Structures are given as C-alpha cells and as structure tokens.
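# Per-entry structural report
In case you want the letters, here they are:
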Amino acid sequence: MKRASAALTALLASLAVGVSGHAQDSTDKEAPELTGPYLAQTPPGNTPEPFAPGTVTSDRWEYGGVFSPDMSEFYLLKDDDEGETSFVVFEQHGDRWRERHISERVGQPYVSPDGNMMHLGSRFMTRTDTGWSEIQSHGGAFEDFRIMRMTSSLSGTYFFDEVGMPGGNGRIRYSRLVDGTREEPQLVSDAVNTGEMLAHPFIAPDESYLLWDGRKEGGYGSSDIYISFRQPNGDWGDAINLGEAINTPAWEASASVTPDGKFLFFHRTVSEGNVDIFWVDAQVIEDLRPE
C-alpha cells in the first residue's frame, strides 16, 4: 500500500518496529551499466538531486540510504511494484554494482564508522567473516524507547531518537561507551531538543556536528533538517536550519554524510506515496560551520 505524507507518524512508527529475524539472501542481480563510484552517478553540486534515478530513486518509496565506510555497499529500504518493502543492498564487485535482497523490512539501516555494526533502530547486526549476523536487540535501557534511527561515532557513542506523536516532542538522546561500559541514555541539550517531532539523528564520526530533523518556529515546512556544531567547551551550539536549498514545504528528514565526507544524503517527500533519496555537495555543512 502506498504511503502518504499525511500518514507520516505511522510511517515513522513502523520503522521503529521492523521484523524479528534476518531472511536468507536471494539471488543478486547485476546492474550492467553501473560501473564506478557512487553507483556510477555524476556527483551533484550545491543543488540537491535525486540519487541514482531509475536505479535507486523511483516514483515509489525509498528510504534509509547509507554507504558502508569503504563505500562499496549502499543499503536502503524500498518498495516494489506491489508496495511491499524490502531491505536491499547494492554491492560493488570490482567496478560493477549488483543489487541484492537482504530481507523483508527492518529498521532504518546505518553502518557504524568502523564498519562492524549495522544499526537497525533499537536492534543491530554485527559483521562476521561470512556477512552480517542475525538481528540482535540492544536490550537494557534501550527497550524503553521506540527508536527509529540510531547512529554512532568513532568513539562508540550512540545517538538515537524515539517515535513522537503528532504535535509531540520526540527527543534526541545519546549513550557513551565509557571504559568498555555502555552508559544509560541521556538527553542531548536543549540546543538540540527544542521543537516538535525531533528525529533521525546523524552524529559525525568525530562528533564535531549533529544532524537531525524536526519542526521548529521559522522552519520551511513539514519537517526540516538542522545541524548543531560542537563548541570548544564541548557544548552543542544553537540549532541551524540547513536553509532553503535543502528544506522545502515538504518533509525533509533523515540526513547523513557519506563516509568520505563529500556528500550530504537526505530524504524528501516528492508526492503522495513517493519519498525519494537526494544528495548534495557536503559544502553546505562547511558553509554553516562557525569560523
């Protein structure tokens, strides 16, 4: 069934649930014309463009697009012609890319900076010699939250959200790894946690900035993408809207930066039932960074 932007909360909540297991991989299929980096796409400039039209981006629903740290894998969730959602990966073999079905729908994917963990909201998989492990639960204090997206830094700090109801105030939290022990989740400061429907954080590998989306006074539309830079004293700076080049009256959300630091990826509702993955030069972030 097609998804409408009016049903945004239901969409977000479903991303937090996923499935209980990891289906067997199906036969991969070669994309014969996809040779070269970034799925053989011409890099964009300062104007966002749909990513890989006809291969990734379509007139259906594509979401959660992220590269692995070595840029040889691109993971996402996407609908087929019948509206069923699959978890798929494009894998680079030599110069050529192949698409492979991993499983039915799971939580939003994100690969940790060291490449050893696949975050799936409140759950995860670990990299093994033969591929990804079965899906596991973080458990403990993380069970108290309906997590949609979790990302992590090089130091192992988790940043994650929770499902917020319409007009509600979803919040961004973090959990550090201290001397090998995972600490209880804590709220990020009010510099970030102000507004409504705050969600989908992305922490820079060095924790120098944090991206997320939400609704704030003075925004452009349904949901905008914001950034906060780490200050010299360790605090988070005021939330900065990424501006009208990125944010529109539509729903923009779930931003991340490619592991090579070159491109910003995000998601936008293009029309009813059609959410696409966009990319743009990451200079947009540097232009906002305090001097």
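To keep things clear, this report deals only with the structure shown in the data block. (Residues numbered from 1 in each chain as written. Predicted model: local features only at pLDDT ≥ 70, side-chain atom pairs only at ≥ 80, totals over all residues. Heavy atoms only, no water.)

### Section: the overall build of the chain
What the chain contains, in helices and strands, is three helices and 24 strands. Considering only contacts within the chain whose residues lie at least 6 apart along the sequence, 50% involve residues at least 24 apart. Accessible area for the chain stands at about 12700 Å²; split by element, carbon and sulfur atoms hold 47% of it. (Helix = DSSP H or I, 4+ residues; strand = E, 2+ residues; numbered from the N terminus. Contact = heavy atoms within 4.5 Å. Areas by Shrake-Rupley, 256 points an atom, 1.4 Å probe, with all protein chains shown as cover.)

### Remarks on the sheet that holds strand 13 (residues 158–160)
Judged by pairing direction, the sheet is antiparallel, and its four strands sit side by side in the order 12-13-14-17 without closing on themselves. The sheet terminates laterally at strand 12 (150–152) and strand 17 (186–187), the two strands that pair on one side only. As judged from the two bridges shared by strand 14 (residues 173–175) and strand 17, these two strands associate in the antiparallel manner. Looking at strand 17, one finds that Arg173 is bridged to Leu187. (Pairing = 2+ DSSP bridges.)

### Some points on the environment of Thr126
With respect to the element layout, Thr126 can be found in strand 9 (residues 123–128). Thr126 sits 15 residues away from Val111 along the chain, and the two C-alpha atoms are 9.6 Å apart. The contacts of Thr126, once residues within four sequence positions are left out, are Asn116, Gly131, Trp132, Ser133 and Gln136.

### Some words on the nonpolar core
Counting residues in each nonpolar core, the largest one holds 36 residues, and the members touching the most others are Tyr75, Phe87, Tyr209, Leu211, Leu264 and Ile285. Each residue touching Tyr209, except ones within four places of it in the same chain, is listed here: Phe202, Ile203, Ala204, Ile227, Ser228, Phe229, Trp236, Val257, Ile285 and Arg289. The next biggest cluster of nonpolar side chains, apart from the first, holds 17 residues, and it includes Tyr38, Val56, Val88 and Phe265. (Core = buried A, V, L, I, M, F, W, Y, C linked by side-chain atoms within 4.5 Å. Buried < 20%, exposed > 50% of the residue type's maximum accessible area, 1.4 Å probe, protein only.)

### Observations concerning the pairing of strand 22 (residues 252–257)
Of all six residues that make up strand 22, six are buried, and the element is covered over most of its length. By the bridge criterion, four bridges tie strand 22 to strand 23 (residues 263–271) in an arrangement that is antiparallel. The residue bridging Ala253 from the neighbouring strand is His267, located in strand 23. Adjacent in sequence and paired antiparallel, strand 22 and strand 23 are bridged by five residues, among which Gly261 carries a positive phi angle near 75°.

### Quick look at the side chain of Thr85
Mapped onto the elements, Thr85 comes out in strand 5 (residues 85–93). A relative accessible area of 9% means that Thr85 is categorised as buried. Polar contacts involving the side chain of Thr85 include one to the side chain of Asp79, which spans 2.6 Å. (Polar contact = N/O pair within 3.5 Å; in protein donor to acceptor, adjacent residues only side chain to side chain.)

Geometric descriptors of this kind do not, in isolation, establish any biological role.
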